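# Reading the structure
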2 protein chains.
Amino acid sequence: MPQRNAVAVRTPPPGGRKRAVAKRPVLARAGGARRGDATRQIILDAAEQCLAAGDFDGVSLRTISEAAGVDIALVNYHFGSKESLVEEVTERRAREVHDARVLLLEEARHAAGTVPPGVEAVVTAFLEPWLQRISSGDAGWQNYNRLLCRLTMMPKYLPLVRKLLDPTALHFINALRAALPKASPESIYWGYMFLIGALVQIMAGTGRIEQLSRGLCSTDDTNTAMREIVPFVCQGLRALERTGAEARR
Amino acid sequence: MPQRNAVAVRTPPPGGRKRAVAKRPVLARAGGARRGDATRQIILDAAEQCLAAGDFDGVSLRTISEAAGVDIALVNYHFGSKESLVEEVTERRAREVHDARVLLLEEARHAAGTVPPGVEAVVTAFLEPWLQRISSGDAGWQNYNRLLCRLTMMPKYLPLVRKLLDPTALHFINALRAALPKASPESIYWGYMFLIGALVQIMAGTGRIEQLSRGLCSTDDTNTAMREIVPFVCQGLRALERTGAEARR
DNA sequence: CTTTATTTTCATCATTCGTTTAATTAAATT
DNA sequence: AATTTAATTAAACGAATGATGAAAATAAAG
């Protein structure tokens, strides 16, 4: 009677299963960098690129590992799971943008003196760090911004979005409240969502404005984008003061 | 020698394959409704609901067919493929919104007399049909609007989005151009994207504004949403006239 | 060099996916 | 009633997914 698994080259799977504990490194030595850190960065960059280009959950680990030029098993070895990989990709750059935004706002506060910074200053402090990092030509930042925009539209990732963006959001909502004292608290929240919406729409990289305008406009033209979005949002936000006033009779 | 497929209850797959032609109905009799039309509607409704709640490509046909209470094979029988199902779900309500929007704009044109309708009238004609259909309490429209918002963020579905929304977009971009004669053509495109962005952000149903405002605001409150978004967008659009003027020195 | 810990590779796992086939039931037509 | 057509059901298919196991390779430590 011939053996059944004639195609099996290697050893067959063990009958009695061994331990199922995690075998990844625990912490490693305190000071220095780990040996596989370079691989981690390569995978993170490739994941960033693939997630920004494709349709997020539709992007497989194999696509990412092939783009990175590493074995697929390394992804799970270094990051544990696909979910953790997505988390690390997004959290990697989040703090830098947050800090840059807050710093710009602090500078505006200092420049304004005793009165709170105006709408223009707040909006600029919020938008500038994003758009600047895109126009810098760094493909990584371009990919990051695109994938973050998509992320905010997916209910499944709402907890992650909160962790990434809630500090920034609440910080600038407060600043907007101070800049628009006559607007109601509700109006400020609505205005912030409209601001995010305008930003996301031109940053998600769907190619829609390029098609609609038949090449006349491009989201890659961040200078123009900045010149258009700032007045739009600022004027829109100022209108909220009237909305609140009307609502209060 | 015992047979190899002892677990097979039914007949094994045929060795020589027969024809591989499509077996779906061709056209059926001219006038009346088909026998399976009720099933089609049930599947479409279930798909609409599932796609709006979940993360689109992450929603499986099995989830949809279970929600509809029908066999999974019926989905492919009636729609041919998942892609076609998504197309039918989205196209089902697209025309109605488009017609309502254009009708409202025509009424505004008539009311305005010789001059073109103003920004407020154009924006209202664009936004009102959407928001009205949500506040109507029809869960189907709520689901449709949410899933369409998500769809516009996915590059993979850009061709479908174009087919669904390009007529409306170009129609209202023209109207905006007439309402804002001093704004540059580029600015109009940017402004339209910002308008879409604000709308999408409050319609996608991510629950973000509810969390940020800790329940103070809700996207289900369409009356408030309408009262906030219209002044915001209108004032924002008017700012584009200045942008263009400044850019032209 | 020897030993130890970490990283990489190869092979395979169990699931789930969209889709298809063949048989069965129901309805419409003759 | 007999025949033809459409709709529904049950079962399985091949492909792809995220994840894991156990060796092999590599570097570090003694």
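Every value quoted in this text rests on a predicted model; they were computed, and no experiment measured them.

### Quick word on the pattern of salt bridges
When charged atoms on two side chains of opposite charge get close, those side chains can pair. In total, this model carries 26 salt bridges over all chains according to the counting rule given. Note that Arg133(B) is salt-bridged to Glu96(B), the shortest N-O span being 3.2 Å. Of this pair, Arg133(B) sits in helix 5 (residues 119-135) while Glu96(B) sits in helix 4 (residues 82-112), placing them 37 residues apart in sequence. Owing to a relative accessible area of 13%, Arg133(B) belongs among the buried residues under this scheme. Given a relative accessible area of 41%, Glu96(B) falls into the partly exposed group. Connected through salt bridges with shared partners, the residues Asp45(A), Glu48(A), Arg92(A) and Arg93(A) form a single ionic network.

### Comments concerning the nonpolar core
With 154 residues, the main nonpolar core has Leu85(A), Leu127(A), Leu85(B) and Leu127(B) as its most contacted residues. What Leu127(B) contacts, discounting residues up to four positions off in sequence, is Leu195(B), Leu199(B), Met226(B), Ile229(B) and Val230(B).

### Observations regarding the packing of aromatic side chains
This structure, assessed with the given rule, holds 13 aromatic pairs over all chains. For the pair Phe232(A) and Phe194(B), a centre-to-centre distance of 4.9 Å together with 55° between the ring planes defines the contact as tilted. Here Phe232(A), found in helix 10 (residues 222-247), pairs with Phe194(B), found in helix 8 (residues 185-203), and the two come from separate chains. Accessibility expressed as a relative area gives 0% for Phe194(B), which makes it buried. Here the aromatic cluster, defined as three or more aromatic residues joined through ring pairs, consists of Trp190(A), Phe194(A), Phe232(A), Trp190(B), Phe194(B) and Phe232(B). The ring of Phe126(B) is capped by Arg101(B), whose NZ or CZ atom sits 3.9 Å from the centre of that ring. Positioned over the ring face of Trp141(B) is Arg133(B), at 5.2 Å from the centre of the ring.

### Details of the environment of Leu170(B)
Checked against the element boundaries, Leu170(B) lands in helix 7 (residues 158-179). It is 9.8 Å that separates the C-alpha atoms of Leu170(B) and Tyr192(B), two residues lying 22 residues apart in sequence.

### Description of the domain arrangement of chain A
Interface size, as often reported, equals the accessible area lost upon joining of the parts. Residue and element names in this part refer to chain A. Taken as a whole, chain A is organised into domain 1 (37-79) and domain 2 (90-247). Here the C-alpha centroids of domain 1 and domain 2 sit 28 Å apart. Domain 1 puts eleven residues into the contact, and the matching count from domain 2 is twelve residues. Together, the buried faces of domain 1 and domain 2 total about 950 Å²; carbon and sulfur atoms form 50% of this surface. For the domain 1 face of the interface with domain 2, the top three residues by lost area are Glu48, Ala52 and Phe56, together amounting to 62%. Where domain 1 meets domain 2, there are four salt bridges. A salt bridge links glutamate 48 to arginine 92; the nearest nitrogen and oxygen atoms lie 3.3 Å apart. The tally of links between domain 1 and domain 2 comes to eight residue pairs in polar contact (both at pLDDT 80 or more). Residues belonging to the side of domain 1 that touches domain 2 are distributed by class as follows: five nonpolar, three polar and three charged.

### Here's the deal with the interface of chain B and chain A
Between chain B and chain A, the residue contacts involve 61 residues of the former and 61 residues of the latter. Surface buried jointly by chain B and chain A totals about 5,600 Å² across both partners, of which 71% is contributed by carbon and sulfur atoms. When the area that chain B buries against chain A is broken down by residue, the three leading residues are Met153(B), Trp190(B) and Phe232(B), summing to 16%. Taken together, the links from chain B to chain A amount to two salt bridges. Put simply, Arg208(A) and Asp166(B) hold a salt bridge, and the shortest N to O gap is 2.9 Å.

### Overview of the confidence of the model for chain A
Should the pLDDT be low somewhere, the predicted coordinates at that spot are not to be read in detail. Residues and elements named next belong to chain A. Model confidence for chain A is summarised by a mean pLDDT of 87, while 85% of its residues fall at 70 or above. A low-confidence stretch, residues 1-24 (pLDDT under 50), is modelled with four contacts involving residues beyond four sequence positions or located in other chains. Note that residues 26-30 has pLDDT below 50 and, in this model, two contacts with residues that lie over four places away or in other chains.

### Here's the deal with unusual backbone geometry
All names here are of chain A. Located in the positive-phi region is phenylalanine 56, a residue other than glycine, with phi close to 55°. Inspection of the secondary structure puts phenylalanine 56 in the loop between helix 1 (37-53) and helix 2 (61-68). Judged by relative accessible area, which is 2%, phenylalanine 56 ranks as buried.

Cut-offs and rules
- Residues take numbers from 1 onward in each chain, read along the sequence in its written order.
- Chain labels run from A onward and ligand labels from 1 onward, assigned in the order the entries are written.
- In keeping with the model being predicted, local features are shown solely for residues with a pLDDT of at least 70 and side-chain atom pairs are shown and tallied solely at 80 or more, while totals for entire chains, interfaces and linings include all residues.
- Side-chain calculation: all heavy atoms of the structure are included, whereas hydrogens and water are not.
- Take a side-chain nitrogen of Lys or Arg and a carboxyl oxygen of Asp or Glu: if they are within 4 Å of each other, that pair is a salt bridge.
- Helix numbering and strand numbering both begin at the N terminus, where a helix is a DSSP run of H or I of at least 4 residues and a strand a DSSP run of E of at least 2.
- For the exposure calls, accessible area comes from a 1.4 Å probe over protein chains only, and a residue counts as buried if that area is under 20% of its type's maximum, exposed if over 50%, partly exposed in between.
- The nonpolar core is taken to be a set of buried Ala, Val, Leu, Ile, Met, Phe, Trp, Tyr and Cys residues, with the residues joined through side-chain atoms within 4.5 Å.
- In what follows, residue pairs with any heavy atoms lying within 4.5 Å of each other are defined as contacts.
- Only the six-membered ring of Trp is used, alongside the rings of Phe and Tyr, when aromatic pairs are assigned; centres must lie within 6.5 Å, and planes under 30 degrees apart are stacked while those over 60 apart are edge-to-face, with the rest tilted.
- We count a charge as sitting over a ring when the NZ of a lysine or the CZ of an arginine lies within 6 Å of the ring centre and within 35 degrees of the ring normal.
- Just so you know, the domain bounds were taken from an automatic or database domain assignment.
- When two parts are brought into contact, each loses some accessible area as probed by a 1.4 Å sphere; the total of that loss over both is the buried area.
- Between N or O atoms, a polar contact is any pair within 3.5 Å; within protein, one atom must be a potential hydrogen donor and the other a potential acceptor, and residues adjacent in sequence are included only when both atoms are from side chains.
- Polar here means any residue other than Ala, Val, Leu, Ile, Met, Phe, Trp, Tyr, Cys and Pro, which are nonpolar, and Asp, Glu, Lys and Arg, which are charged; Gly is therefore polar.
- Known as pLDDT, the predictor's confidence for each residue is given on a scale from 0 to 100.

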